[in-house]
Amino acid sequence: MQIKFLQLQTHGDERGSLISLEHEKNIPFEIKRVYYMFNTKEGVRRGFHAHQQLKQVVIAVRGSCRFLLDDGKEKISIFLDNPAQGLLIESFMWREMHDFSDDCVLMVLADRLYDESDYIRDYNDFLKLIKMVDKQND
Ligand code: T46
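The written sequence of each chain sets the order in which its residues are numbered from 1. It should be noted that, the model being predicted, local features are given only for residues of pLDDT at least 70 and side-chain atom pairs only at 80 or more, the latter also being counted only at that level, while totals for whole chains, interfaces and linings use all residues. Calculated side-chain values reflect all of the structure's heavy atoms, with hydrogen atoms and water omitted.

1. A short note on the site of the ligand
The cutoff for a nearby residue is simple: one of its non-hydrogen atoms must lie within 4 Å of the molecule or strand. For the ligand, the set of nearby residues contains 13 residues, the closest of which are Arg33, Arg46, His51, Gln56 and Tyr119. Polar contacts here mean pairs of N or O atoms no more than 3.5 Å apart (in protein, one a potential hydrogen donor and the other a potential acceptor; neighbouring residues in sequence count only if both atoms are side-chain atoms). At 3.3 Å from an oxygen atom of the ligand is found a side-chain nitrogen or oxygen belonging to Tyr35. Here the Shrake-Rupley method, with its probe set to 1.4 Å, supplies the accessible areas, and only the displayed protein chains count as covering residues. Coverage of the ligand by the protein amounts to 67% of the 660 Å² it exposes when considered alone. Lining residues are defined by having an atom within 4 Å of a point belonging to a cavity or pocket. Those points lie on a 1 Å grid over the protein atoms alone, cavities being sets where a 1.4 Å probe fits but cannot get out and pockets being open sets with protein on both sides within 12 Å along at least five of seven lines. Throughout, a molecule is located in a cavity or pocket provided that more than half of its atoms lie within 2 Å of its grid points. With respect to the pocket detection grid, the ligand is positioned in the largest pocket. Elements are defined by DSSP. Helices are runs of H or I of four residues or more, strands are runs of E of two residues or more, and each kind is numbered from the N terminus. Listing elements by their share of the shell around the ligand, those giving two or more residues are β4 (33–37), β5 (46–51) and β10 (94–98). In the shell around the ligand, the residues fall into 5 nonpolar, 4 polar and 4 charged. Ten residue types, Ala, Val, Leu, Ile, Met, Phe, Trp, Tyr, Cys and Pro, are classed as nonpolar, four, Asp, Glu, Lys and Arg, as charged, and the remainder, Gly among them, as polar.

2. Regarding the nonpolar core
Among buried residues, the Ala, Val, Leu, Ile, Met, Phe, Trp, Tyr and Cys ones that are joined through side-chain atoms within 4.5 Å form a nonpolar core. Type-normalised accessible area, obtained with a 1.4 Å probe on protein chains alone, sets the label of each residue: buried when under 20%, exposed when over 50%, and partly exposed for intermediate values. Ranked by internal contacts, the top residues of the largest apolar core, which has 16 residues, are Val58, Phe67, Leu69, Leu80, Leu87, Ile89 and Leu106. Of all the secondary structure elements, the ones that give two or more residues to this core are β6 (56–62), β7 (65–70), β8 (75–80), β9 (85–89) and β11 (105–110). Sort the elements by how many residues they give to this core and β7 lands first, with 3 residues. Whether two residues are in contact is decided by their heavy atoms: any pair within 4.5 Å suffices. For Phe67, the residues in contact, after removing those within four places along its chain, are Val58, Ile76, Ser77, Ile78, Leu80, Leu87, Ile89, Arg95, Glu96, Met97 and Leu106. Grouped together as the second largest cluster of nonpolar side chains are 9 residues, Leu8, Phe29, Leu88 and Leu109 included.

3. Brief notes about the pairing of β5
Sheet topology places β5 next to β10; 3 bridges connect them, and they run antiparallel. Pairing of Gly47 across the sheet is with Glu96, part of β10. By the bridge criterion, 2 bridges tie β5 to strand β12 (residues 119–120) in an arrangement that is antiparallel. Note on β12: the bridge partner recorded for Ala50 is Ile120. Strand pairing is assigned whenever DSSP detects at least two bridges linking the two strands.

4. Let's talk about the sheet that holds β8
Backbone-to-backbone hydrogen bonds join strands into a sheet, with any given pair of strands oriented parallel or antiparallel. Strand order in the open sheet formed by 5 strands is β8-β7-β10-β5-β12, with antiparallel pairing between adjacent strands. In this open sheet, the two edge strands, each paired with only one partner strand, are β8 and β12. Sheet topology places β7 next to β10; 5 bridges connect them, and they run antiparallel. When the bridges of β10 are listed, Arg66 appears paired with His98.

5. Some words on the state of the cysteines
One way to say it: the disulfide is the covalent bond shared by the sulfur atoms of two cysteines. Disulfide: a pair of cysteine sulfur atoms within 2.5 Å of each other. Under the counting rule described, the total for this entry stands at 0 disulfides. Lacking any disulfide linkage, Cys65 is separated from the closest cysteine sulfur, that of Cys104, by 4.4 Å. By relative accessible area, which is 0% here, Cys65 ends up buried. Residue Cys104 is classed as buried on the basis of its relative accessible area, which comes to 1%.

6. Notes on the layout of surface pockets
Grid points are joined across faces, edges and corners, and a volume is the space filled by probe spheres set on the points. What the largest pocket holds in volume is close to 240 Å³. The wall of the largest pocket is formed by 16 residues, among which Tyr35, Met37, His49, Met97 and Tyr119 lie closest to the centre. Looking at the lining of the largest pocket, the elements with two or more residues in it are β4, β5, β6 and β10. Per-element tally for the lining of the largest pocket: the top contributor is β5, with 4 residues. Of the residues that constitute the lining of the largest pocket, the class distribution is 9 nonpolar, 4 polar and 3 charged.

So, in structure tokens, the structure goes:
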């Protein structure tokens, strides 16, 4: 599985740092939605789903957390702790988030509006759908 990180240019001076997120400049899709998670309690695991269409870029703008990404064939654990690094998550990728630091603010940019029908929340359904998609692409 290939993990795609986006390196985000930091504009820094004596006042501090600034990062700008712009369609086609450093974000590979038109941003339709932004949400962020914070105050995540100790020991919590979130996610446990994949998306049929949605593409997202995830940035730990403060603190850190860990992502488990699973394409149905391979699982990779990724540590996010850099506000200048975006993790691109394509569709048909199972994700789980855990090990949130107390101060973690996890920001997500999405290419679609919120749509519950895009979620695949059952892992066995996810594996079946992956097989179907692979067959279609053969
Ligand atoms: C994802 C991972 C990284 C909304 O009303 N609008 C929204 O845009 C979102 C994202 C969520 N919600 C509601 C739906 C639930 O009642 O907020 C509640 C928590 O959402 P959820 O349980 O889906 O959160 P996570 O952390 O499991 O997953 C989220 C995203 O939903 C998902 O797309 O990829 O973060």
